[in-house]
Amino acid sequence: MTTTDTPRPVEGKSGRTLSKRQRRNVRDGGLRRAVPATTLLWILAALYGLPVLWFVLSSFKPAGDLFSLPLTVLPHNPTVSGYKAAWDSANFSQYFINTALVCVITTILTVGVSCCTGYALAKYNNRWLKFFFICILATTMLPSEVMLAPEFLVVRNLGLYNSFAGIILPAVLTATGCFMFRQFFLTVPDELVEAARIDGARELSIFLRIMVPISRPIMLTLAILSFQWRWNDYIWPLLMLNDPNKFTVQIGIQSLVGAQNINWSVLLGGSVISMIPLILIFLVFQRYVMSADINAGLKD
Amino acid sequence: MTKSAADVSVRPPRKRRSTYTLAPLVLIAANVVLFALFFVWPAVIGLVYSFTNYTGVGAFQFIGLDNYQNLFGDSTFYDALIRTLLYTVLVVPLNFVLSLFIANLVVSKQAKGASVARVVFFIPWLISPIVVGVLWRWLFGENFGLINYVIEKLGGHAIAWQSNADLSLGVVVMAGAWWGTAFSMLLFIAAIKNVPVSYYEAASLDGAGPWRQFRSITLPSIAPTSFIVILLNTINAMKEYPLFVSLNNGGPGTSNNLLVQYIYQTGFNRGQIGYASAASFVLMLILMAVAIIQLIVNRRVENR
């Protein structure tokens with residue numbers, strides 16, 4: 001795949017004068033265009049935000065008020081009883097700890113392994129490296145859901161059934177991670193590597209001492225993505241884990257949904273609790289996700 | 001003379017290359033092992049088992065193409081396949097249009113408060129598919145949901161969001177598009193920002209309106225990203241499972257069972273590993289066909 005869009009060029013003076021005239025044009029018709037655009041944007045934002053808002057507000061209603069008509073937007077007597085019931089029942093706190101543990105370990109491994117692979121793919125030129133690059137590309141076409149049964153047998157034969165290692169290890173290799181790092185290291189000038197070589201640095205110490213430190217922003221972006229993927233994983237942990245003490249949050253929530261009579265109060269509380277970690281992480285590290293040129297990795 | 005000169009220019013890089021085999025090998029070693037263990041090995045035994053009657057334990061026999069023959073005579077499999085394709089055909093374009101439209105609005109300077117709105121658009125993506133299913137189930141509950149309540153308040157009749165198979169699929173399509181918008185939007189925003197501003201300036205001097213600019217400049221410039229978005233979303237839609245499980249559990253009845261659910265049930269609830277592997281391979285072939293078709297189309301569009 002070749003890229004047709006060129007990066008925005010740094011323009012000289014001619015561009016400046018042009019854009020000044022342009023700005024005046026915009027200002028003339030500015031208000032006429034700004035009002036509908038802003039309205040449209042906020043109507044859409046409301047459409048996207050309202051389901052979440054309704055969900056979260058409902059979770060603060062006491063169990064008895066959930067279905068009482070007329071439905072009210074704001075809870076009359078807000079309570080956290082649903083949250084409390086969810087947290088106390090069905091080992092939810094244990095699920096939370098399990099999920100956090102799995103997510104953190106997988107994320108650390110993913111970032112480390114992707115960084116190494118991305119660097120090798122970007123800075124070395126070997127035929128078998130190119131072949132491996134295509135292999136990684138193929139994994140995007142072959143998600144583990146497609147090979148559910150055979151992959152289950154492999155992990156079982158490795159003796160990893162019903163252990164956290166069984167959900168961590170198969171998730172470590174991600175094409176997106178490798179591509180993100182490859183793309184980043186391609187932008188690092190080769191002269192940096194050459195200069196270090198001339199100074200007598202060994203290959204792996206160039207990587208560890210120079211390349212790893214400068215790739216920190218990519219590491220953070222991938223860490224957030226990886227954490228999100230693993231936190232939301234459902235089908236693989238469901239297959240791998242048999243012991244209720246090892247279940248993850250998503251399995252816990254699904255077991256509430258799958259019950260004969262859904263206890264909505266507990267379900268709403270549990271669901272909102274499960275959303276909190278990712279939303280917190282996102283709000284803190286928003287910049288790294290939003291400005292990330294994720295497509296760069298996928299496009300090449 | 002010319003020959004030796006050519007030799008000289010060729011030799012050094014070749015020599016340099018051979019010096020650095022150990023370092024890259026060490027660097028990719030972990031991923032090579034993982035790739036072999038969790039991709040090559042399952043793919044190989046999956047292919048082998050798809051020709052057997054293996055049940056996960058004990059001995060098995062090779063039964064040739066029987067699994068595939070049974071699969072194509074199995075109406076449940078066909079239903080699941082058609083439902084999966086229908087879901088994909090509905091959700092991918094909806095997601096594409098919504099995310100491209102929103103990306104344009106967010107990038108455009110006319111819309112105020114875009115940075116705050118962008119966070120709002122992003123929140124659905126942070127919610128897990130299971131919880132997204134719960135959320136939309138809560139919203140579209142037939143007797144208790146907000147949507148039906150509002151419809152009844154406005155004088156309409158409650159709509160059978162759960163007990164009508166097609167409407168139920170429609171709710172999942174909406175939920176899927178709602179959830180997936182953020183990531184596609186992120187890709188589109190990056191692509192639109194990479195289009196040189198001078199193109200738009202020249203076009204607006206020539207009197208091109210916003211729609212014309214979008215069609216003639218933005219759309220062709222972001223074609224590679226559009227391709228990636230469609231490809232990733234198609235693959236994701238074809239393997240959708242958790243969203244259906246928590247929203248309607250493949251129901252009403254079994255009418256909205258998708259392929260992955262079918263594979264899961266035959267393989268793990270009924271223990272027919274060989275049969276499930278055959279179904280997996282059909283799904284894999286479909287995904288590969290989709291990828292190849294899209295690659296060809298993309299090449300053709302780019303070469304035009």
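Residues numbered from 1 in each chain as written. Chains lettered and ligands numbered in written order. Predicted model: local features only at pLDDT ≥ 70, side-chain atom pairs only at ≥ 80, totals over all residues.

Visitor: I keep staring at the interface of chain B and chain A and nothing clicks. Help me out?
Guide: For interface size, the figure often reported is the accessible area lost on association. Contacts between the two partners involve 91 residues from chain B, matched on the other side by 88 residues from chain A. Element by element, the count of residues in the side of chain B that touches chain A is highest for helix H2 (residues 22-49) of chain B, at 19 residues. Among the residues forming the side of chain B that touches chain A, the class breakdown is 68 nonpolar, 17 polar and 6 charged. (Contact = placed C-beta atoms within 7 Å. Helix = DSSP H or I, 4+ residues; strand = E, 2+ residues; numbered from the N terminus. Nonpolar A, V, L, I, M, F, W, Y, C, P; charged D, E, K, R; others polar.)

Visitor: In this structure, what is going on with the environment of Asn298 of chain B? I would like to understand it.
Guide: All names here are of chain B. For Asn298, the position within the fold is in helix H14 (residues 273-303). Given 19 C-beta atoms within a 10 Å radius, Asn298 is considered partly exposed. Sequence separation between Asn298 and Pro224 is 74 residues, and the spatial gap between their C-alpha atoms is 7.6 Å. (Buried ≥ 20, exposed ≤ 12 C-beta atoms within 10 Å, placed from the backbone.)

Visitor: Would you take a moment to explain the packing of helix H4 (residues 92-123) of chain A against H2 of chain B for this structure?
Guide: Pairs of packed helices are described in terms of their axes, by the angle between the two and the distance that separates them. Direction vectors running N to C along H4 of chain A and H2 of chain B enclose 135°, while the axes themselves pass 8 Å from each other. Compared by their axis directions, H4 of chain A and H2 of chain B come out oblique. The element H4 of chain A and its partner H2 of chain B pack so that their crossing is left-handed. Across the interface between the two elements, Val113, Cys116, Thr117, Tyr119 and Ala120 of chain A from H4 of chain A touch Pro24, Leu27, Ile28, Ala30 and Asn31 of chain B from H2 of chain B. Here the residues of the contact of H4 of chain A with H2 of chain B sort into 8 nonpolar, 2 polar and no charged. (Axes fitted to C-alpha atoms, helices over the stretch in contact; angles between N-to-C directions. Parallel < 35°, antiparallel > 145°, perpendicular 65-115°, else oblique. Left-handed = near helix turned anticlockwise from the far one by under 90°.)

Visitor: Explanation requested: unusual backbone geometry in the structure shown.
Guide: Trans is the common state for peptide bonds, and a negative phi is the common state for residues other than glycine. Residues and elements named next belong to chain A. A positive phi angle, near 60°, is found at Asn162, a position not held by glycine. On the secondary structure map, Asn162 appears in the loop between helix H6 (148-157) and helix H7 (164-172). Overall, Asn162 belongs to the exposed group, with 12 C-beta atoms counted inside 10 Å.

Visitor: Hey, could you run me through the nonpolar core in this one?
Guide: What tends to happen in soluble globular proteins is that the nonpolar side chains get buried as a cluster. Core analysis: the largest hydrophobic core is formed by 157 residues, its most contacted members being Tyr119 of chain A together with Phe121, Leu135, Val172, Ala175, Phe188 and Ala279 of chain B. Take this core: its biggest share by element is 17 residues, from helix H8 (residues 165-193) of chain B. Taken domain by domain, this core gets at least three of its residues from each of domain 1 (13-49) and domain 2 (73-303) of chain B. Among residues more than four places away in sequence, those in contact with Leu135 of chain B are Pro51 and Phe55 of chain A together with Ile127 of chain B. (Core = buried A, V, L, I, M, F, W, Y, C linked by C-beta atoms within 7 Å. Domains from an automatic or database assignment.)

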